[in-house]
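# Observations on chain architecture
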Amino acid sequence: CCGDRMFKVVTPIAIVLVLTLASHSAQAGCDFYAAPDLLGDAQGGPTGVAGADGTSAEPFVMADFWDRGFALPGATLCLKDGIYRGADSMLDVTPNTSGALGNPITIRAVNDGGVFIDGEDLRRPFRLRWSNYWVLEGFNVANSSAFAVSIGGDISGTRIHHVTVRRVVAWDA
């Protein structure tokens, strides 16, 4: 009798909490911005420049996020629309760059599907090695020299964990 009534009262509250938490994390802001360099700026907007400050008005190239030490637990890099080409515009994360439980490192497109990371058959457009606690979402990758998406550990059996990939389209590897 009482157990059922308590369950019926508790369940809707639990669902509201879960939906609220999921909604909040999906709307979290961007800490840094990257944009395509001059080769891939089809929209005429700001271009990514190595060493820029990483703001929306002055985005840097994608590699600056990990090369300059900004890829820390809880940090979010937002990718502006366009075609990303060249070594500094690949999502090729420095190995052993990890977020933390409850504070993943996030890379996402500002506009879902508006980002195309083109390996030009020379590079791997999406490569994550020995790195844990990541969220990657909303972009397209193709034309790889090997795998269009490469997420892995090493031959010793070390595995990576807590990597979430959402709405990423990959082809032509």
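The structure this text deals with has already been given above.
Read on for a plain summary of the structure. (Residues numbered from 1 in each chain as written. Predicted model: local features only at pLDDT ≥ 70, side-chain atom pairs only at ≥ 80, totals over all residues. Heavy atoms only, no water.)

The subject of this paragraph is the sheet that holds strand 12 (residues 169–171). With parallel pairing, the 4 strands of this open sheet are ordered in space as 3-6-9-12. The strands lining the two open edges of the sheet, one partner per strand, are strand 3 (82–84) and strand 12. The sheet shows a mean angle of 20 degrees between the axes of neighbouring strands, direction not considered. (Pairing = 2+ DSSP bridges. Helix = DSSP H or I, 4+ residues; strand = E, 2+ residues; numbered from the N terminus. Axes fitted to C-alpha atoms, helices over the stretch in contact; angles between N-to-C directions.)

The next thing to look at is the state of the cysteines. A covalent bond bridging the sulfur atoms of two cysteines is what the word disulfide describes. A full pass over the atoms with the stated rule returns 1 disulfide. Between the sulfur atoms of cysteine 30 and its disulfide partner cysteine 78 the distance amounts to 1.9 Å. Here the S-S torsion is close to -80 degrees, and the disulfide linking cysteine 30 with cysteine 78 is therefore left-handed. With cysteine 30 in the loop between helix 1 (2–26) and strand 1 (32–34) and cysteine 78 in strand 2 (residues 76–79), this pair connects stretches of sequence that are 48 residues apart. (Disulfide = S-S within 2.5 Å.)

With the rule as written, the count across this model stands at 7 aromatic pairs. Between phenylalanine 65 and tryptophan 66, the ring centres sit 6.4 Å apart and the planes meet at 70 degrees, which makes this aromatic pair edge-to-face. Overall, the relative accessible area of 8% leaves tryptophan 66 in the buried class. Measuring from ring centre to ring centre gives 5.5 Å for phenylalanine 116 and tryptophan 171, while their planes differ by 5 degrees; the resulting arrangement is stacked. (Phe/Tyr/Trp six-rings, centres within 6.5 Å; stacked < 30°, edge-to-face > 60°. Buried < 20%, exposed > 50% of the residue type's maximum accessible area, 1.4 Å probe, protein only.)

It is worth spelling out unusual backbone geometry at this point. Residue tryptophan 130 is not a glycine yet carries a positive backbone phi of 50 degrees. Counting through the fold element by element, tryptophan 130 comes out in the loop between strand 7 (126–129) and strand 8 (134–137). The backbone phi angle of tyrosine 133 is positive, close to 60 degrees, even though this residue is not glycine. By the secondary structure assignment, tyrosine 133 is in the loop between strand 7 and strand 8.

Relative to the elements of secondary structure, aspartate 118 occurs in strand 6 (residues 115–118). A residue is classified by how much of its surface remains accessible, and aspartate 118, at 7% relative accessible area, is buried. Here arginine 85 takes part through its side chain, which lies 3.3 Å from a polar atom of the side chain of aspartate 118. When sequence neighbours within four positions are dropped, the list of residues in contact with aspartate 118 reads Ile83, Tyr84, Arg85, Met90, Ala142 and Asn143. (Polar contact = N/O pair within 3.5 Å; in protein donor to acceptor, adjacent residues only side chain to side chain. Contact = heavy atoms within 4.5 Å.)

With that settled, consider the pattern of salt bridges. Evaluation of the coordinates by the stated rule reveals 7 salt bridges. One salt bridge connects arginine 167 with glutamate 137, and the closest N-O pair in it is separated by 3.0 Å. One end of the pair, arginine 167, is in the loop between strand 11 (163–166) and strand 12; the other, glutamate 137, is in strand 8, and 30 residues separate them in sequence. Connected via shared salt-bridge partners are Asp112, Glu137, Arg166 and Arg167. (Salt bridge = Lys/Arg side-chain N within 4 Å of Asp/Glu carboxyl O.)

Purely geometric numbers; function is a separate question.
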